[in-house]
Amino acid sequence: MTKQIYPCLWFDNQASAAADFYCAIFPDSKVVNDSGMIVNFELNGQPFMGLNGGPKFKFNEAVSFVIPCKDQAEIDHYWYSLIADGGQESMCGWCKDKFGLSWQVVPALLGKLMSDPERAPRVVQAFMKMKKFDIEALQNA
């Protein structure tokens, strides 16, 4: 295979608006092409395609995009940007943006915290009570 695999996101008729929204949130991002029906864009250099496919299909939590964040400032940036203008908070670092797409905004160090068998249950207990992750609270668990 010579090309990278990339997601195609089915929107009702908001692919251009969604691409602009996401490109404003993520660094190293741009709209590459917008034909009206299909919008090709990159987030952090990763290719995506938005399709204006109509109202038949909706996003759900079966597919989400994970954003591993280096610090609390990054978590706060992505969390508040993604839920702006009609997005929704959920539990354990999950949220939906205003287009209904699910995201997991997580600390990059979560795997390390969860790899300690003594600490992991306390970390899980702490984050099960959180909507947006609080790195300091996880580290203190």
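The structure this text deals with has already been given above.
Okay, so let's go over this structure. This one's a predicted model, so the numbers in the text were calculated from it and none came from an experiment. (Residues numbered from 1 in each chain as written. Predicted model: local features only at pLDDT ≥ 70, side-chain atom pairs only at ≥ 80, totals over all residues. Heavy atoms only, no water.)

## Remarks on the overall build of the protein
- Counting its secondary structure elements, the protein contains five helices and eight strands.
- Helices and strands in the protein line up, N terminus first, as β-α-β-β-β-β-α-β-β-β-α-α-α.
- Buried residues in the protein amount to 38% of all 141 residues.
- For the protein, contacts bridging at least 24 residues in sequence account for 54% of all contacts bridging at least 6.
- A total of about 8100 Å² of accessible surface is found on the protein, and carbon and sulfur atoms cover 54% of it.
- Distance from the positive charge centre (13 side chains) to the negative charge centre (16 side chains) of the protein: 4 Å. (Helix = DSSP H or I, 4+ residues; strand = E, 2+ residues; numbered from the N terminus. Buried < 20%, exposed > 50% of the residue type's maximum accessible area, 1.4 Å probe, protein only. Contact = heavy atoms within 4.5 Å. Areas by Shrake-Rupley, 256 points an atom, 1.4 Å probe, with all protein chains shown as cover. Lys, Arg positive; Asp, Glu negative; His and termini not counted. Charge placed at Lys NZ, Arg CZ, Asp CG, Glu CD.)

## Observations regarding helix 4 (residues 120–127)
- Buried within helix 4 are the following residues: Ala120, Val123, Ala126 and Phe127. End-on view of helix 4: buried residues confined to an arc of 125°, all on one side of the axis. More than 90 degrees from the buried face of helix 4, the exposed residues found are Pro121 and Gln125. (Arc of directions from axis to C-beta.)

## Focus on the sheet that holds strand 5 (residues 64–69)
- Strands sit in the order 5-8-7-6 across an open sheet of four strands; the sheet is mixed. Both edges of this open sheet fall to strand 5 and strand 6 (88–89), since each of them pairs with a single strand only.
- When strand 6 meets strand 7 (residues 94–96), the two strands line up antiparallel, connected through two bridges. Bridge assignment links Gln88 to a residue of strand 7, and that residue is Lys96.
- Relative to the sheet, helix 2 (residues 72–83) contacts strand 5, strand 6, strand 7 and strand 8 (102–107), its axis offset from that of strand 8 by approximately 165°. (Pairing = 2+ DSSP bridges. Axes fitted to C-alpha atoms, helices over the stretch in contact; angles between N-to-C directions.)

## Thoughts on the side chain of Ser81
- Relative to the assigned elements, Ser81 resides in helix 2.
- Reaching out from Ser81, the side chain makes a polar contact with the backbone oxygen of His77 at a distance of 2.7 Å.
- When neighbours within four sequence positions are excluded, Ser81 is seen to be in contact with Phe21 and Ile25. (Polar contact = N/O pair within 3.5 Å; in protein donor to acceptor, adjacent residues only side chain to side chain.)

## A closer look at the pairing of strand 1 (residues 8–11)
- On strand 1, burial follows the alternation: Leu9 and Phe11 on one face are buried, whereas Cys8 and Trp10 on the facing-out side are not.
- Inspection of the sheet shows strand 1 paired to strand 4 (residues 46–52) by four bridges, in the parallel sense. By the bridge assignment for strand 4, Leu9 is matched with Gly50.

## With respect to the state of the cysteines
- A full pass over the atoms with the stated rule returns zero disulfides.
- In this model Cys8 remains outside any disulfide bridge; the closest cysteine sulfur is found in Cys23, 15 Å from its own.
- For Cys8, a relative accessible area of 41% puts it in the partly exposed group.
- Left without a disulfide partner, Cys95 is nearest to the cysteine sulfur of Cys69, which lies 10 Å away.
- By relative accessible area, Cys95 is classed as buried at 1%. (Disulfide = S-S within 2.5 Å.)

## A look at the packing of aromatic side chains
- Under the definition given, this model contains 14 aromatic pairs.
- Taking the centre distance of 6.0 Å and the plane angle of 70° together, the rings of Tyr22 and Phe99 count as edge-to-face. Residue Tyr22 is found in helix 1 (residues 15–25), and its partner Phe99 is found in the loop between strand 7 and strand 8; the two are separated by 77 residues along the sequence.
- A relative accessible area of 1% places Tyr22 in the buried class.
- Given a relative accessible area of 17%, Phe99 falls into the buried group.
- Among the aromatic residues, ring-to-ring pairing joins Phe11, Phe21, Tyr22, Phe26, Phe41, Phe48, Phe59, Phe65, Tyr78, Phe99 and Trp103 into one connected group. (Phe/Tyr/Trp six-rings, centres within 6.5 Å; stacked < 30°, edge-to-face > 60°.)

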